[in-house]
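Fold and contact review
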Number of protein chains: 2
Amino acid sequence: MQIAEQAKTGAAAAGLTERQGAVLERALGLLVEGGERALTTAGVARAANCSKESLYKWFGDRDGLISAMITYQAGKVRTVEVDARALTAESLRKHLVAFAGDLIDVLSGDVSLALNRLAIGQASREGAGLGRLLQERGRRQIGKRAAALLEAGRKAKLLAFDTADAAYGTLYGLVVSDMHLRMLLGEDASALKKEFSPRAEKAVDAFLTLHGAKG
Amino acid sequence: MQIAEQAKTGAAAAGLTERQGAVLERALGLLVEGGERALTTAGVARAANCSKESLYKWFGDRDGLISAMITYQAGKVRTVEVDARALTAESLRKHLVAFAGDLIDVLSGDVSLALNRLAIGQASREGAGLGRLLQERGRRQIGKRAAALLEAGRKAKLLAFDTADAAYGTLYGLVVSDMHLRMLLGEDASALKKEFSPRAEKAVDAFLTLHGAKG
DNA sequence: CATTTTGCGTACCGTACGGTACGGTTCGCA
DNA sequence: TGCGAACCGTACCGTACGGTACGCAAAATG
């Protein structure tokens, strides 16, 4: 029975059975592969070897299933801690570059793109419920990491900015530009990632030009 | 033939009857109001007082209708010319700020958001056909304007950059950041526009800090 | 005026979806 | 061993959509 904790992958993080987590995993697979059209209750039940009745018992309705998928997926991401001690200009730059790379990785991920597409499609016909959820669970995490890193840089007198939020917005824009939108519109994600990853260092350099406290 | 038929709202631009343009206008209204779910062939026919049979005769099928909507809408936008003569640092900055404001206006427009949502939703289940179309018709226009402005600035020794594309990417990221995505996800567009419009000047200042040839 | 074209309104068909109901089966538990 | 809960597989229902066919009026065409 030692395999118990193997695939928690955020199932327990949302208070779900391991079985339910596996179902959500299959549902995410369907969504990635075929888009919203492929995310039918019957399809999920078939792919996950469960009954539709169980789906409705566990998640309420289709929207509940989708919400559960979002929180489940968000439970996977693990934010990395940065210790503020001994932060030099060089190590800060390294951390920023690593952060930029991780940001690109997250945004260009299959599941992330599929969930964003789903939430965007739902945003028109419904209140921004799913969109808000995705924003809260997804961006908040990586945004916290960025804020911590930026604050640490400021505390070490290596960065200067008014608010960490605004500075993060600048960094985000420099790194991402319109890459995310283009991927959402269907442009080849891996190709775009290859195009943008080398720019990460330049983006960080630009950010340091704007907010570095050294000059 | 002067500029008599200035803007038949882009109907003639796509080789369409005025009647067909009116139909597309109603279809865009439905899309803006109710999202993709509201864009049914029966709904469009009812809203536009035409028959479904005419819709299929004119546009082929539902995808053809959507494509026609995109090109029709794209035909509306008018790009502003910038004369490169007598470009001072101050006038360049003014032009850049105006461009940033127009960019925000375009991205936060109802119809633009609705069409982007539609294309993104379609991107998952189909090739990036609509996405590419939207990219070509929409971004190319405003991108050309930006490229012309940037090249003029370089010619006047006011800007320095490797390629106009990369510089435009930087400017775009500084101005837009994640505003577009947040609006697509359903966040209140007008509120976000109010939040980002004041940042346009700061974004342009940052861009000039990075690419201005004055220092 | 006769005829062809165009297009509106409606009815129709096949399909697919969300959601519900039900019989049968496994499994934990006393 | 008997019982109840959970759950699977499937069948079913109402609805709504994309697309097609038909009948008829109005306009265009000769």
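Computed from a predicted model, the values in this text were never measured in an experiment.

Secondary structure assignment for chain A yields eleven helices and zero strands. The order of helices and strands in chain A, counted from the N terminus, is α-α-α-α-α-α-α-α-α-α-α. Projected onto the principal axes, the alpha-carbon positions of chain A cover approximately 65 × 40 × 30 Å. Taken over 215 residues, chain A has a buried fraction of 45%. At a minimum sequence separation of 6, the contacts of chain A that also span at least 24 residues come to 72%. Per element, the accessible surface of chain A, about 10,900 Å² overall, is 52% carbon and sulfur.

Further remarks concern the protein's contact with DNA strand D. What surrounds DNA strand D is a group of 15 residues, the closest being R19 and S54 of chain A together with K52, E53 and R62 of chain B. Considering DNA strand D, the proportion of its atoms within 4 Å of the protein that are sugar or phosphate atoms stands at 57%. In the environment of DNA strand D, a phosphate oxygen lies 3.2 Å from a nitrogen or oxygen atom belonging to the backbone of S51 of chain A. Contacts to DNA strand D include S54 of chain A, whose side-chain N or O atom sits 2.7 Å from a phosphate oxygen. Residues that form the surface near DNA strand D fall into these classes: four nonpolar, five polar and six charged.

Taken together, the contacts link 35 residues of chain B with 35 residues of chain A. Between chain B and chain A, roughly 3,000 Å² of surface is buried when both sides are summed, and carbon and sulfur atoms account for 64% of that area. Our enumeration of links across chain B and chain A arrives at two salt bridges. Between chain B and chain A we count four residue pairs in polar contact (both at pLDDT 80 or more) in total. Per-element tally for the side of chain B that touches chain A: the top contributor is helix α6 (residues 110-125) of chain B, with seven residues. Broken down by class, the residue content of the side of chain B that touches chain A amounts to twelve nonpolar, 13 polar and ten charged.

This next bit is on the pattern of salt bridges. Residues and elements named next belong to chain A. Scanning the entire structure with this criterion turns up 26 salt bridges over all chains. Linking R62 and E36 is a salt bridge whose minimum nitrogen-to-oxygen distance equals 3.8 Å. Linking R62 in helix α4 (residues 62-74) with E36 in helix α1 (residues 18-38), this pair joins segments that are 26 residues apart in sequence. For E36, a relative accessible area of 17% corresponds to the buried category.

In this section: the environment of L133 of chain A. Residues and elements named next belong to chain A. Inspection of the secondary structure puts L133 in helix α7 (residues 129-155). On the basis of relative accessible area, L133 is assigned to the buried category, the value being 19%. On a C-alpha basis, the gap between L133 and A119 in space is 9.0 Å, while along the polypeptide they are 14 residues apart. Ignoring anything within four residues of it in the chain, the contact list for L133 reads S67, I70, T71 and G138.

To continue, consider the packing of aromatic side chains. Residue and element names in this part refer to chain A. Per the counting criterion, the structure on display carries six aromatic pairs over all chains. Their ring planes at 65° and their centres at 6.2 Å tell us that F99 and Y168 sit as a pair that is edge-to-face. Of this pair, F99 sits in helix α5 (residues 89-107) while Y168 sits in helix α8 (residues 164-176), and the two are 69 residues apart along the sequence. Given a relative accessible area of 4%, Y168 falls into the buried group. Among the aromatic side chains, those forming a connected cluster through ring pairs are F99, Y168 and Y172.

Take the relation of the copies chain B and chain A next. Under the fitted operation, chain B is carried onto chain A by 0.0 Å of movement along the axis and a turn of 180°, and the coordinates agree to an RMSD of 0.1 Å. Taken together, the rotation and translation relating the two chain copies correspond to the operation of a two-fold axis. Among all C-alpha atoms of chain B, that of G173 of chain B lies closest to the rotation axis, at 1.9 Å. When the interface residues of chain B are mapped onto chain A, 100% of them are again interface residues, pointing to one common binding face.

A word on the confidence of the model for chain A. Residue-level pLDDT values for chain A average 89, and 92% of them are 70 or greater. This stretch, residues 1-7 of chain A, has a pLDDT under 50; its non-local contacts, to residues over four places away or in other chains, come to one contact.

As a matter of local geometry, DNA strand C sits amid 15 residues, with K52, E53 and R62 of chain A together with R19 and S54 of chain B nearest to it. Contact distances for DNA strand C include 3.2 Å between a phosphate oxygen and a side-chain N or O atom of Y56 of chain A. Within the side chain of S54 of chain B, an N or O atom sits 2.6 Å from a phosphate oxygen of DNA strand C. Within the residue set of the surface near DNA strand C, elements represented by two or more residues are α3 (52-59) of chain A together with α3 (52-59) of chain B. Taken together, the residues of the surface near DNA strand C sort by class into four nonpolar, five polar and six charged.

What counts, and where the lines are drawn
- Residues numbered from 1 in each chain as written.
- Chains lettered and ligands numbered in written order.
- Predicted model: local features only at pLDDT ≥ 70, side-chain atom pairs only at ≥ 80, totals over all residues.
- Heavy atoms only, no water.
- Helix = DSSP H or I, 4+ residues; strand = E, 2+ residues; numbered from the N terminus.
- Buried < 20%, exposed > 50% of the residue type's maximum accessible area, 1.4 Å probe, protein only.
- Contact = heavy atoms within 4.5 Å.
- Areas by Shrake-Rupley, 256 points an atom, 1.4 Å probe, with all protein chains shown as cover.
- Near = heavy atom within 4 Å.
- Polar contact = N/O pair within 3.5 Å; in protein donor to acceptor, adjacent residues only side chain to side chain.
- Nonpolar A, V, L, I, M, F, W, Y, C, P; charged D, E, K, R; others polar.
- Buried area = accessible area lost by both parts, 1.4 Å probe.
- Salt bridge = Lys/Arg side-chain N within 4 Å of Asp/Glu carboxyl O.
- Phe/Tyr/Trp six-rings, centres within 6.5 Å; stacked < 30°, edge-to-face > 60°.
- Least-squares fit on C-alpha atoms with pLDDT ≥ 70 in both.
- pLDDT = per-residue confidence, 0-100.

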